[in-house]
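What follows is each chain in one-letter form.
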Amino acid sequence: TDKNQGPAISDKPAYQDACKSHLKDTETYTELELEEKIQVCTEAINTLKELVKKFKEDSDVVHFLTTFIKNYDVPSFYIIWKIHKNPIASRPIVSSCKWITTAASSLIAEFLNIYLNYFESVLLDTNKALEFLETEKVPTLCVLFTLDAVSLYTNIPIKGQRSTVEAMKKTV
């Protein structure tokens, strides 16, 4: 379940209906024909090969980055139940634990996590927020608010990401 609230049991038709409800959102999900799937895999492999060229001097990094280049699983869609909601809702998940670019994503995440320490306003989870509120004095005129993401996309547009990271590096 969402928020790690333990296991949930659901009948198969309800689960399938919830999946179909998410998948009919054509702004987020698109069903691919076999040729399109092959093209996506080919593009991912070619992009990864280009990235690997930049690390050719470091065989450990090259080995890590190419972990799934020949033995990968296509990401799979499923849902988890949000039992803390009334009525109960579902959260879509696209699992890509063994996708072509999984190792590269891990490497990039490690790199970007270094910069989180430079931003005082980043609270990584609810416990960090509670800890902050218990230990810090909040000014009287301060307004605290929270946000909830409606949808977390599995695709982040690549255009502009390099400049965003470069700008972030300059600020810290």
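Residues numbered from 1 in each chain as written. Predicted model: local features only at pLDDT ≥ 70, side-chain atom pairs only at ≥ 80, totals over all residues. Heavy atoms only, no water.

Draft legend 1. Region of interest: the layout of surface pockets. Each pocket or cavity is described by its volume, and for the second largest pocket that value is around 510 Å³. As for the second largest pocket, its lining consists of 14 residues, of which S121, L123, A129, F145 and T146 are closest to the centre. Of the residues assigned to the lining of the second largest pocket, the class counts are 10 nonpolar, 3 polar and 1 charged. (1 Å grid on protein atoms, 1.4 Å probe; cavity = no way out; pocket = protein on both sides within 12 Å on 5 of 7 lines; lining within 4 Å. Points joined across faces, edges and corners; volume = space filled by probe spheres on them. Nonpolar A, V, L, I, M, F, W, Y, C, P; charged D, E, K, R; others polar.)

Draft legend 2. Region of interest: the confidence of the model for the protein chain. Averaged over every residue, the pLDDT of the protein chain is 85; residues scoring 70 or more account for 88%. Confidence, expressed as mean pLDDT per element, reaches its minimum in the protein chain at helix α6 (residues 161-171) with 70 and its maximum at helix α1 (residues 12-23) with 95. (pLDDT = per-residue confidence, 0-100. Helix = DSSP H or I, 4+ residues; strand = E, 2+ residues; numbered from the N terminus.)

Draft legend 3. Layout of the pairing of strand β1 (residues 76-82). Relative to strand β2 (residues 89-95), β1 is paired through 7 bridges, and the arrangement is antiparallel. Paired with F77 across the strands is V94, a residue of β2. Hairpin connection of β1 to β2: 6 residues between the antiparallel strands. (Pairing = 2+ DSSP bridges.)

Draft legend 4. Just the pattern of salt bridges, in detail. Scanning the entire structure with this criterion turns up 2 salt bridges. When the shortest N-O distance is used, the salt bridge between D2 and R91 registers 2.9 Å. Here D2, found in the segment before α1, pairs with R91, found in strand β2; they are 89 residues apart in sequence, far enough to count as distant. Residue classification places D2 among the buried positions, given a relative accessible area of 8%. (Salt bridge = Lys/Arg side-chain N within 4 Å of Asp/Glu carboxyl O. Buried < 20%, exposed > 50% of the residue type's maximum accessible area, 1.4 Å probe, protein only.)

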